[in-house]
Amino acid sequence: MSRRKILLTISFIVIALLILGAWSPWDSLRYRGDGEFSDRGFFSYPRYLVTFADIQLNQTGEHHFHFRGLPNEEMTLRLIVKDRRVDTWADTTPLTNLPVTIEAVLTDDKGSVACRAYGRPAPSNVDGVWVLTWGGTAAYWHHQCNFVRVHPNRMYDLAIRVTDTGPSVEKVVVKPKLTGGGLELP
């Protein structure tokens with residue numbers, strides 16, 4: 001084989017590996033555990049989604065989700081409100097004043113706490129508050145579990161505790177999601 005063919009072959013292999021590295025098709029093959037992992041593609045934002053089972057915020061309880069094989073990214077925990085559209089400021093009132101305390105703790109297999117969020121839903125972004133985003137789909141997020149670095153070779157436990165439910169709390173169901181990665185274009 002000539003020297004030129006060897007260089008072309010090596011160049012082709014390097015380019016192919018770089019493309020595969022950017023695409024990372026094996027991330028969905030590496031994920032194991034509770035929840036459903038999806039990769040929406042290199043040019044999507046957020047690129048990676050992990051969707052867990054529903055949780056009712058009107059019932060006290062503790063929910064654990066175990067998983068491993070996440071991509072090496074920063075992820076954000078969001079609690080997506082199901083079966084409810086929030087299009088106006090008035091629509092947010094029942095959800096931002098929900099009398100419930102939510103605690104979320106993401107711990108790895110070495111005992112390190114990746115994030116701990118604790119508080120009640122409220123209409124402001126201060127410590128101890130689950131902030132409601134809205135404009136169609138509503139979701140709660142907490143600054144303590146926003147842009148949390150996760151690692152592919154670690155096993156994680158996501159514990160979500162619902163406590164201090166007030167009297168006659170209306171039924172609110174959320175779907176926990178971890179999202180991250182991708183290209184955020186202007």
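Scroll up to find the structure this text is about.
Rules and cut-offs
Residues numbered from 1 in each chain as written. Predicted model: local features only at pLDDT ≥ 70, side-chain atom pairs only at ≥ 80, totals over all residues. Heavy atoms only, no water. Pairing = 2+ DSSP bridges. Helix = DSSP H or I, 4+ residues; strand = E, 2+ residues; numbered from the N terminus. Polar contact = N/O pair within 3.5 Å; in protein donor to acceptor, adjacent residues only side chain to side chain. Core = buried A, V, L, I, M, F, W, Y, C linked by side-chain atoms within 4.5 Å. Buried < 20%, exposed > 50% of the residue type's maximum accessible area, 1.4 Å probe, protein only. Contact = heavy atoms within 4.5 Å.

Chemist: Where do I start with the pairing of strand 3 (residues 48-51) in this structure?
Modeler: Looking along a regular strand, one sees the side chains alternate between the two faces of the sheet. Here four bridges tie strand 2 (residues 36-39) to strand 3, and the two strands are oriented antiparallel to one another. Following the sheet pairing, Asp39 is matched in strand 3 by Tyr48.

Chemist: Looking at this structure, how should I read the environment of Arg47?
Modeler: Examined against the element boundaries, Arg47 turns out to sit in the loop between strand 2 and strand 3. Each C-alpha atom, one on Arg47 and one on Ser2, is 42 Å from the other, the two residues being 45 residues apart in sequence. Among the polar contacts listed, one links the side chain of Arg47 to the side chain of Asp39, at a separation of 2.9 Å.

Chemist: Mind showing me how you'd approach the nonpolar core here?
Modeler: One recurring pattern in soluble globular proteins: nonpolar side chains tend to sit buried together. Of all hydrophobic cores here, the largest spans 38 residues; its most connected members are Leu57, Phe67 and Tyr140. Residue contributions to this core peak at five residues, all from strand 6 (residues 74-86). Setting aside anything within four residues of it in sequence, one finds Phe67 in contact with Tyr31, Arg32, Gly33, Asp34, Phe52, Leu106, Arg154, Met155, Tyr156, Leu158 and Leu178.

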